[in-house]
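Inside the fold
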Number of protein chains: 2
Amino acid sequence: MSALHVIKIGGNIIDDSKALTAFLEKFSALEGNKILVHGGGKIASRVATDMGVPVQMVEGRRVTDEQMLNVVTMVYAGLTNKQVVAELQHRHCNAIGLCGADANAIQAVKRPVDKIDYGFVGDMLPDSVNVLSITRLLASGFTPVFSAITHDGKGQLLNTNADTIASSLAVALSVSYQVSLVYCFDKNGVLSDVNDEDSVIDTIRSSEFSALHANRVIHDGMIPKLFNAFDALSKGVSDVYIGHARDLHLYQQQKFGTRLIA
Amino acid sequence: MSALHVIKIGGNIIDDSKALTAFLEKFSALEGNKILVHGGGKIASRVATDMGVPVQMVEGRRVTDEQMLNVVTMVYAGLTNKQVVAELQHRHCNAIGLCGADANAIQAVKRPVDKIDYGFVGDMLPDSVNVLSITRLLASGFTPVFSAITHDGKGQLLNTNADTIASSLAVALSVSYQVSLVYCFDKNGVLSDVNDEDSVIDTIRSSEFSALHANRVIHDGMIPKLFNAFDALSKGVSDVYIGHARDLHLYQQQKFGTRLIA
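This is a predicted model, so every value here is computed, not measured. (Residues numbered from 1 in each chain as written. Chains lettered and ligands numbered in written order. Predicted model: local features only at pLDDT ≥ 70, side-chain atom pairs only at ≥ 80, totals over all residues. Heavy atoms only, no water.)

Residues and elements named next belong to chain A. Regarding helix α5 (residues 131-139), the residues found buried are Ser133, Ile134, Leu137 and Leu138. In a view along the axis of α5, the buried residues occupy a sector of 135°, so they form one face of it. Those residues of α5 that are exposed and angled more than 90 degrees off the buried face are Leu132 and Ala139. With its phi angle positive at about 90°, Gly141 sits one or two positions after the end of α5. (Buried < 20%, exposed > 50% of the residue type's maximum accessible area, 1.4 Å probe, protein only. Helix = DSSP H or I, 4+ residues; strand = E, 2+ residues; numbered from the N terminus. Arc of directions from axis to C-beta.)

Spelled out as structure tokens, the structure:
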């Protein structure tokens with residue numbers, strides 16, 4: 001099987017145009033099949049504020065009503081996605097910007113209303129990823145660049161977590177490729193002390209994760225990412241790395257951030 | 001050569017959600033290779049106003065400064081494009097939404113500053129269209145849906161006229177396909193009296209066009225579209241039609257609007 005890199009880039013890097021450009025330079029230089037998934041960044045909140053769309057939070061989580069869905073569709077699938085694609089094309093990476101509706105690449109389901117109605121938020125299912133469509137794009141020499149917007153197949157767009165999109169793509173495509181999943185953000189890796197960038201944990205084995213989690217060694221914000229990552233490893237993804245966007249060029253030399261091992 | 005339909009849908013239909021849905025239903029039903037190009041609509045001006053971005057006009061034409069480019073990228077390539085794609089997917093049309101940067105499909109040049117600086121506006125060149133990329137997407141079974149945003153290949157997005165994009169795509173792809181170019185808008189066709197929807201001119205031959213133009217029979221707003229259309233016919237496009245979006249299902253029966261003949 002040929003190799004495929006699924007790279008996730010987080011919102012903080014998206015917001016910093018210099019850091020983003022440096023990252024895209026390194027992403028372009030990666031050889032072989034690759035996919036980029038980008039998070040949202042703060043631009044959506046800024047646009048929402050400018051447009052007078054209220055930002056609704058319930059128990060610390062954002063609610064996506066119709067107006068907010070329009071804003072995130074504009075910003076994530078429009079502005080950010082197309083700026084990233086234009087920069088990648090400039091660097092001779094044949095990028096093609098997609099949301100989940102494009103080529104029916106990712107179909108999610110609207111999160112059921114339980115205690116809280118999160119609005120137009122999409123949850124991924126095991127068969128959400130259209131392997132055939134994405135494989136065709138890769139085989140044509142394109143580099144898919146996904147924003148975190150999906151659809152339900154009935155005409156409704158849905159706001160969806162970018163980390164989950166990245167891990168779901170990695171898992172689904174591992175039937176056809178040897179997949180490495182790489183989470184890039186603005187820290188050097190998984191840190192044992194969130195305030196010390198030198199405290200990178202080199203490797204975390206699945207068997208060690210529960211203890212690290214229980215002892216609260218790992219910062220809360222990392223926990224969902226790590227759950228996603230170990231889940232991906234258990235479902236066929238070959239490698240998972242978490243590290244600083246600035247260091248992406250080191251990942252193929254295995255000198256990048258934290259390596260997770262099944 | 002196999003047939004290819006290049007369909008342009010205008011801004012007035014984009015703004016009318018019922019008319020748009022009815023049109024997308026008919027577009028989905030068209031058999032064979034097809035491409036949709038959509039105009040902007042008034043949503044961009046509304047978003048610009050909401051965001052406090054001034055709409056600048058010089059000699060009746062819109063100037064696209066950096067802020068306005070961001071707005072049209074958000075609205076055309078983001079909101080409108082993805083809503084159209086999601087609706088088409090719902091109707092089992094395997095749409096893939098693109099701007100010109102995606103797959104390097106359309107590379108334009110920033111309009112040179114002469115008396116007026118139009119800002120980030122892109123003009124099409126004879127080799128602007130990447131036939132190889134678009135042919136690969138069509139051969140994979142996808143239906144490309146283009147917003148009217150292109151790029152310059154150096155990382156800069158550009159606002160570009162949707163009619164010109166449609167005719168340029170039609171011309172370029174006529175090396176590989178038998179191309180029909182269909183302009184859909186909110187009139188029954190080219191009218192000899194702009195206030196009378198029953199005054200549709202059935203066919204216009206290239207040889208008749210100058211006289212109709214000189215005698216001011218044809219409404220000013222139609223003139224650039226007709227120049228585009230006759231130019232496309234002279235450069236290899238097989239058929240050009242101009243008619244009402246509502247009647248798209250009649251076009252393959254040659255009962256649609258005005259037919260232009262080389």
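Structure's up, so let's keep going.
Before going further, it helps to examine the pairing of strand β14 (residues 258-261) of chain B. Residues and elements named next belong to chain B. Only one face of β14 is buried, namely the one carrying Thr258 and Leu260, since none of Arg259 and Ile261 on the opposite face is buried. Sheet topology places strand β12 (residues 203-205) next to β14; three bridges connect them, and they run parallel. Note that in β14 the partner of Arg205 across the bridge is Ile261. When strand β13 (residues 239-244) meets β14, the two strands line up antiparallel, connected through three bridges. (Pairing = 2+ DSSP bridges.)

Before going further, it helps to spend a moment on unusual backbone geometry. One non-glycine residue with positive phi stands out, namely Arg216(A), at about 55°. Looking at the secondary structure, you find Arg216(A) in the loop between α7 (206-214) and α8 (223-234). Arg216(A) gets classed as exposed once you look at its relative accessible area, which sits at 59%. One non-glycine residue, His92(B), lies in positive phi territory at about 65°.

So, on to the environment of Ser2(A). Residues and elements named next belong to chain A. In this structure, Ser2 sits in the segment before β1 (3-9). Residue Ser2 is classed as partly exposed on the basis of its relative accessible area of 40%. Sequence separation between Ser2 and His38 is 36 residues; the distance between their C-alpha atoms is 23 Å. Beyond its immediate sequence surroundings of up to four residues, Ser2 is in contact with Asn33, Tyr177 and Gln178. (Contact = heavy atoms within 4.5 Å.)

Close reading of the predicted structure is inappropriate where its pLDDT is low. For chain A, mean pLDDT is 94; residues scoring 70 or higher make up 100% of the total. Here the complex is predicted with pTM 0.97, and the ipTM for its interfaces comes to 0.96. (pLDDT = per-residue confidence, 0-100.)

This brings us to the packing of aromatic side chains. For the structure shown, the criterion picks out 10 aromatic pairs over all chains. Note on Phe209(A) and Phe227(A): the rings are 5.1 Å apart at their centroids and 75° apart in plane angle, and the pair reads as edge-to-face. Here the residue Phe209(A) occupies a position in helix α7, and Phe227(A) occupies one in helix α8, the gap between them amounting to 18 residues. The class for Phe209(A) is buried, based on a relative accessible area of 6%. By relative accessible area, Phe227(A) is classed as partly exposed at 46%. Cation over ring: Lys34(B) sits above Phe27(B), and NZ or CZ is 5.1 Å from the ring centre. Sitting over the face of the ring of Tyr118(B), Arg111(B) holds its NZ or CZ atom 4.9 Å from the ring centroid. (Phe/Tyr/Trp six-rings, centres within 6.5 Å; stacked < 30°, edge-to-face > 60°. Lys NZ or Arg CZ within 6 Å of the ring centre and 35° of its normal.)

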